[in-house]
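# Examination of the molecular architecture
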Amino acid sequence: MERVEFVVVGGGLLGLASARALGRRGREAIVLEAATVGNERAGSKGTARIFRYGYEDPFYVRLAMRAHAMWQELESGASTQLLVPTGQLNFGTRLDELEAAMSVCKAPCERIPADEVARRYPAVVPRHAIFEPASAVLRADRCLSALRSSGAPDVREHTPVRSITDEGDGVRVATPQGRIAARTAIICAGAGTASLAGVSGMPAQRSTLEQVAYLASEPAAWPIVIDRAESLRYGLPDPGGEGAPRYKLGLHHRGSEVDPATATNLEDDQDLLDELRTAARANFPEWEGDVVASERCFYDTTANEDFVLDREGAIVVGCGTSGHGFKFGPLLGELLADLATSGRLDDAYARFRLSRGR
């Protein structure tokens, strides 16, 4: 039986960030990934994610501000750009709450009228907006590579975990390649976390298969957009796309509920693609053409979209982060490493505990 200090299950954003955080503390950790890092079914796959401060809840604004500094630190040690400054326009409802939360946290934001939107971004339908100058695009695939190379060198791909047993003095992990004994296991396996962890009171998770589309665009003319009122839920320039520049569009929580463990049909949902085309034309009237690429992605979320970060016995769990968790990656890795080494998070993170599901 192989023996290690910590075993991390799942080679996505949370798993790699956790292993990096442990490595930075001089602790030994291995990462077990059932497929490959960034594979087609992974929640962390793709080339672009939104980084923003903007939340109606000051709690998440503060988390984003802490995470921003950590991304910048990671970028400074990498040989590639991770954050692409873009700026963001927020349209729709609850803009007053958004502005108030950001102002309380001293996060930069600016209320701009429709004519100013038209002057700065003539490609966008002008409406009253909250502008976030600090928003950027995270080059998601590069972020995973940077996390892996900076602190998680022992990533074992094609190593599915069959079972994890908490034996009181540590855990035993069974894989097709053999058994592993560890002091603690950190499980970051998306929707599969609950079944692997076997902990009590796991908050209910919902898994959906979402639709994303990519449009041909000029990235400088199309900023990040989050529309809280209309069909276009979010859009962002995709600097990592192959060939010509493109723009990523998605609908938040519009996909059908699925079981990621058994879902095999990843073909496009044509109704959702049509909805994205309609939204694109309504928000970017100069856009002419069609979708140049598309993809499906699995979401793993809780009912209120708060994450699950906690520990029971020798098992630490991290899940429920789909839809808005990528921006917090390095910070969540540090919190999971705290749980693995000290056993508990500060009461400031009580909303992430397993006990809320009991």
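So, here is what we can say about the structure in this document.

Analysis parameters
- Residues numbered from 1 in each chain as written.
- Predicted model: local features only at pLDDT ≥ 70, side-chain atom pairs only at ≥ 80, totals over all residues.
- Heavy atoms only, no water.
- Helix = DSSP H or I, 4+ residues; strand = E, 2+ residues; numbered from the N terminus.
- Rg over C-alpha atoms; globule rule 2.2 N^0.38 Å.
- Buried < 20%, exposed > 50% of the residue type's maximum accessible area, 1.4 Å probe, protein only.
- Contact = heavy atoms within 4.5 Å.
- Areas by Shrake-Rupley, 256 points an atom, 1.4 Å probe, with all protein chains shown as cover.
- Lys, Arg positive; Asp, Glu negative; His and termini not counted.
- Charge placed at Lys NZ, Arg CZ, Asp CG, Glu CD.
- Pairing = 2+ DSSP bridges.
- Axes fitted to C-alpha atoms, helices over the stretch in contact; angles between N-to-C directions.
- Salt bridge = Lys/Arg side-chain N within 4 Å of Asp/Glu carboxyl O.
- Polar contact = N/O pair within 3.5 Å; in protein donor to acceptor, adjacent residues only side chain to side chain.
- Arc of directions from axis to C-beta.
- Core = buried A, V, L, I, M, F, W, Y, C linked by side-chain atoms within 4.5 Å.

## Overview of the overall build of the protein
Broken down by element type, the protein carries eight helices and 20 strands. The C-alpha atoms of the protein give 20 Å as radius of gyration, which agrees with the globular expectation for 358 residues (21 Å, within 12%). Scored against the burial criterion, the 358 residues of the protein give a buried share of 54%. Within the protein, contacts between residues at least 6 apart in sequence are counted, and of these 74% link residues at least 24 apart. Accessible surface computed for the protein: about 14,500 Å², of which carbon and sulfur atoms make up 47%. Within the protein, the 49 negative side-chain charges are centred at a point lying 5 Å from the centre of the 41 positive side-chain charges.

## Focus on the sheet that holds strand β3 (residues 49-51)
Read from one edge to the other, the open sheet built from three strands follows the order β3-β8-β4, with strand pairing classed as antiparallel. The sheet is open, and its two borders are formed by β3 and β4 (83-85), each paired with just one other strand. Adjacent strand axes in the sheet meet at a mean angle of 35 degrees when their direction is disregarded. The sheet contact formed by β3 and strand β8 (residues 136-138) spans three bridges and is antiparallel.

## What about the side chain of Lys327?
Tracing the chain through its elements places Lys327 in the loop between β20 (315-319) and α8 (329-342). Of the buried charged residues, Lys327 lacks a salt bridge, with Glu305 as the closest side chain of opposite charge at 8.8 Å. Here Tyr55 takes part through its side chain, which lies 2.9 Å from a polar atom of the side chain of Lys327. Once you skip the residues sitting within four places of it in the chain, Lys327 turns out to touch Ile50, Phe51, Arg52, Tyr55, Ala64, Ala67, Trp71 and Leu138.

## Some details on the pattern of salt bridges
Counting across every chain of the model gives 28 salt bridges. A salt bridge links Arg25 to Asp338; its shortest N-O distance comes to 2.8 Å. In this pair, Arg25 is assigned in the loop between α1 (13-24) and β2 (29-32) and Asp338 in helix α8, connecting sequence segments 313 residues apart. Using a relative accessible area of 26% as the deciding quantity, one classes Asp338 as partly exposed. Where Glu56 meets Arg228, a salt bridge forms, and the shortest distance between an N and an O atom there is 2.8 Å. Separated by 172 residues along the polypeptide, Glu56 in the loop between β3 and α2 (58-77) and Arg228 in the loop between β14 (224-227) and β15 (234-238) bring together distant segments of the chain. By sharing partners, the salt bridges in this structure join Arg24, Arg25, Glu73, Glu334 and Asp338 into a single network.

## Topic: helix α3 (residues 95-104)
When α3 is considered as a whole, its buried residues turn out to be Leu95, Leu98, Ala101 and Met102. All buried residues of α3 lie within an arc of 130 degrees about the axis, which places them on one face of the element. Set apart from the buried face of α3 by more than 90 degrees, the exposed residues are Asp96 and Val104. Looking at the packing, one finds that the buried side of α3 touches α2, β5 (88-91), β6 (110-112) and β7 (129-132).

## Re the nonpolar core
Counting residues in each nonpolar core, the largest one holds 57 residues, and the members touching the most others are Trp71, Leu309 and Phe328. Taken together, the elements giving at least two residues each to this core come down to β1 (2-9), α1, β2, α2, α3, β8, α5 (140-151) and α8. Among the elements that make up this core, the one with the highest residue count is α2 (nine residues). Setting aside residues no more than four positions away along its own chain, Phe328 makes contact with Tyr55, Tyr60, Leu63, Ala64, Ala67, Trp71 and Phe307.

## As for the pairing of strand β10 (residues 163-166)
Bridge count for β10 against strand β11 (residues 171-175) is four bridges, and the pairing is antiparallel. Residue Asp166 lies in a different strand from β11, and its bridge partner there is Val171. Linking β10 back to β11 in an antiparallel pair, the connection comprises four residues, with Gly168 at a positive phi of about 85 degrees.

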